[in-house]
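Residue-level listing of the chains:
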Amino acid sequence: MMVKDSIRSLVAAAVAAAQADGSLPPFELDEIDIARPKQAGHGDYSSNVAMVAAAAVRKASGEKAAPRQIAEAIVHHLPTGGLIDHVELAGPGFINFWLAQRWIQDQILEMLAAGPDVGAINRGQGQRWQVEFVSANPVGPIHYGGARNAVLGDALANVLTAAGYSVQREFYVNDGGKQFQLFAESLFARYAQLLGQDVPVPEGGYPGDYVFDYARQIIAEQGDRFLQMPRAEAIEQIKPLGRAIVLADIEAELRRIGVEFDNWFSEKSLYDEGLVEQSLAYLDQRGELVRRDGAVWFAASRYPKNEKDEVVVRSNGVPTYLAGDIAYHYDKFIRRKFDRVVNVWAVDHQGHVPRMAAIMQAFGLDPDRLVILMYDLVKLIRDGQEVKLSKRAGNLLTIDDVVDEVGADAIRFNLLTRSPESTIEFDLDLAVEQSNENPVYYVQYSHARICSILARAREEGFAVDARPAGPEAAGLHLLTHPSELALLRKMLELEEQIELAVEKLSPHNLTHYALELARTFNAFYRDCKVVDPDQPQLSAARLLLCRACQAVLARVLGLIGVTAPESM
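Just so we're clear, the structure is a prediction, and the values are computed from it rather than from any experiment. (Residues numbered from 1 in each chain as written. Predicted model: local features only at pLDDT ≥ 70, side-chain atom pairs only at ≥ 80, totals over all residues. Heavy atoms only, no water.)

A. Broad picture of the overall build of the protein. In terms of regular secondary structure, the protein is built from 21 helices and 15 strands. Taking the principal axes of its C-alpha atoms as reference, the protein extends roughly 85 × 70 × 45 Å. Residues counted as buried form 52% of the 568 residues belonging to the protein. Across the protein, every contact between residues at least 6 apart in sequence was considered, and the portion connecting residues at least 24 apart equals 72%. Carbon and sulfur atoms make up 47% of the accessible area of the protein, which amounts to about 25500 Å² in all. Charged side chains of the protein number 57 positive and 77 negative; the gap between the two group centres comes to 3 Å. (Helix = DSSP H or I, 4+ residues; strand = E, 2+ residues; numbered from the N terminus. Buried < 20%, exposed > 50% of the residue type's maximum accessible area, 1.4 Å probe, protein only. Contact = heavy atoms within 4.5 Å. Areas by Shrake-Rupley, 256 points an atom, 1.4 Å probe, with all protein chains shown as cover. Lys, Arg positive; Asp, Glu negative; His and termini not counted. Charge placed at Lys NZ, Arg CZ, Asp CG, Glu CD.)

As structure tokens, then:
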């Protein structure tokens, strides 16, 4: 149980005890808020429960109640010892809690026992969530801007897993629409050109040199046989070959930044397996489709923020892109029965969000089960100037290009330093700088420093890796220096940081927490001599603190997908 949940339970029990002996009148509390105070001198945690209770008393009885008197009654029934050292009242009725120093010290062994799962919480209780992200058109390497989508979705899936959710990562392959058709035609043109034919790239197609590379692969495997058949037939036969080549490249490209998927879902399969017809029939049965002007329309205007109906089947019988979206989400919710789905979309798609909410309501589902997580642009900065390159113009800056320049860890860390809705300026020069000004370098160096300390202690004969028999034997009660306790308190924030990332559906707080933890560790290392043969018991306790800090720091880095090096 999280620390604040334990305090919440103690407060709830104190309220019940105070009501039972008549110290407090009967009232119901919907929620007991336990938060970290903004000022360090106000304890480890604080609660406004007395003010909330005063409002509940007025609502239940019509009588006024003084929040401070309610707080005094609650505090009188709160146990101390164990988790809580002492409690104080502040202001009009705030209750401030100080954690017991002995309990804080003992948590080192709990963290070490948790191992790589340190900080895990069970908020999700096994709920089935899907995170669908990247989902770039399979028309070439992923433009660098897509790295933010990839890193955001992957880190969010990591955090959800750590919070007790069963998570599937999915890539939606847009292989059934106009852009993929244009890519196939562009690929055929390059294929034919390499074989001496004068076939132009179609208007609006993909002229980039990388398409020649794909065409060369097809020639190596298939020869010139596609020139021996009608153009339309050749393009249809080249399509699956091009798709396989592009997806293999995309998969390899994403793997370089630590992103992998559980499922690659084909848009084309929605049509091949009849899911478009099935999902539209489902909506039709529910009275959500109307026929007008020879076309079939989704009655979106019935739902908030949708001003007009939307065509799902044109008058020529061809389904629209929206029909595919309907079928895809029918498959996610009605067939595969995910409890919740998070779609990670670029901000330029925000106009489609109300339509997706309408689709959920038309299915008879709670629209909150579908979360559209929007992210803003990434600006690459080199030598103080923004780097602008375009896929369509053939001047392509890919994820691979940036990994080659700054490395995967710099990409992942920097793209998670801001909330998704904020624009990011990624300084390529700073990203490779080996200094404390480079945040990912500073955090990774701090982890490597801990590993170096532990290695030196082993060389000097300390039993660094031994399992302590208990807190007493480990000498944890010796850890009383303010910098030791500050580090322990910072380490204990991990569970709450994971919970915050889930609540916000954004893991950007974890990069800031990693920096704060690294700074707090370095302050401890500055103030406290860790390996001291003249004080073997204190050194042993501090080495345990270092081991636990290493575990926590490695866990945070793992959640955001950044490596935790043992040396630098």
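B. Just the packing of helix H6 (residues 178-194) against helix H8 (residues 231-255), in detail. Packing of H6 against H8 leaves a shortest axis separation of 8 Å and a crossing angle of 100 degrees. Taken together, the axes of H6 and H8 lie roughly perpendicular to each other. Note on element contacts: H8 touches H6 through Arg231, Ala234, Ile235, Glu236, Ile238, Lys239, Gly242, Arg243 and Val246, opposite Phe180, Gln181, Phe183, Ala184, Glu185, Leu187, Phe188 and Tyr191. Across the contact of H6 with H8, the residue classes tally to ten nonpolar, two polar and five charged. (Axes fitted to C-alpha atoms, helices over the stretch in contact; angles between N-to-C directions. Parallel < 35°, antiparallel > 145°, perpendicular 65-115°, else oblique. Nonpolar A, V, L, I, M, F, W, Y, C, P; charged D, E, K, R; others polar.)

C. Representation of the side chain of Asn414 within the structure. Inspection of the secondary structure assignment puts Asn414 in helix H14 (residues 408-414). Taking the relative accessible area as the measure of exposure, Asn414 reaches 14% and is therefore buried. Excluding anything up to four places from it in sequence, Asn414 contacts Ile424, Phe426 and Ala431.

D. Quick look at the side chain of Glu185. Residue placement: Glu185 occurs in helix H6. In this structure, Glu185 is buried with no salt-bridge partner, the nearest side chain bearing the opposite charge being Arg231 at 4.1 Å. The contacts of Glu185, once residues within four sequence positions are left out, are Pro202, Arg231 and Ile235. (Salt bridge = Lys/Arg side-chain N within 4 Å of Asp/Glu carboxyl O.)

E. Seen up close, the environment of Val211. Among the structural elements, Val211 can be located in helix H7 (residues 210-222). Separated by 295 residues in sequence, Val211 and Ser506 place their C-alpha atoms 35 Å apart. If sequence neighbours within four positions are ignored, Val211 has contacts with Ser186, Leu187, Arg190 and Tyr206.

F. Region of the structure containing unusual backbone geometry. One non-glycine residue, Asp293, lies in positive phi territory at about 55 degrees. Inspection of the secondary structure puts Asp293 in the loop between strand S8 (289-292) and strand S9 (295-298). Residue classification places Asp293 among the exposed positions, given a relative accessible area of 66%. For Leu505, which is not glycine, the phi dihedral falls at a positive 50 degrees. Tracing the backbone shows Leu505 in the loop between helix H19 (494-504) and helix H20 (508-527). Judged by relative accessible area, which is 9%, Leu505 ranks as buried.

G. Examining the sheet that holds strand S7 (residues 263-266) more closely. The five strands are arranged S7-S6-S5-S11-S12 in an open sheet whose pairing can be described as parallel. The open sheet has two edge strands, S7 and strand S12 (370-375), and neither has a second partner. If you compare each strand with its neighbour and ignore which way they point, the axes differ by 25 degrees on average. The pairing of strand S5 (residues 128-132) with strand S6 (residues 166-173) spans five bridges and is parallel. Note on S6: the bridge partner recorded for Trp129 is Val167. The strands that helix H11 (residues 321-335) touches are S5, S6, S7, strand S11 (340-346) and S12; relative to S6, the one it contacts most, it runs at about 160 degrees. (Pairing = 2+ DSSP bridges.)

H. Expanded view of the environment of Thr398. Mapped onto the elements, Thr398 comes out in the loop between strand S14 (385-387) and helix H13 (399-406). As a C-alpha pair, Thr398 and Ala554 span 156 residues in sequence and 29 Å in three-dimensional space. The residues touching Thr398, leaving out its near neighbours within four places in the chain, are Pro141, Ile142, Tyr144 and Glu253. Only 3.3 Å separates the side chain of Thr398 from the backbone nitrogen of Asp400, close enough to count as a polar contact. (Polar contact = N/O pair within 3.5 Å; in protein donor to acceptor, adjacent residues only side chain to side chain.)

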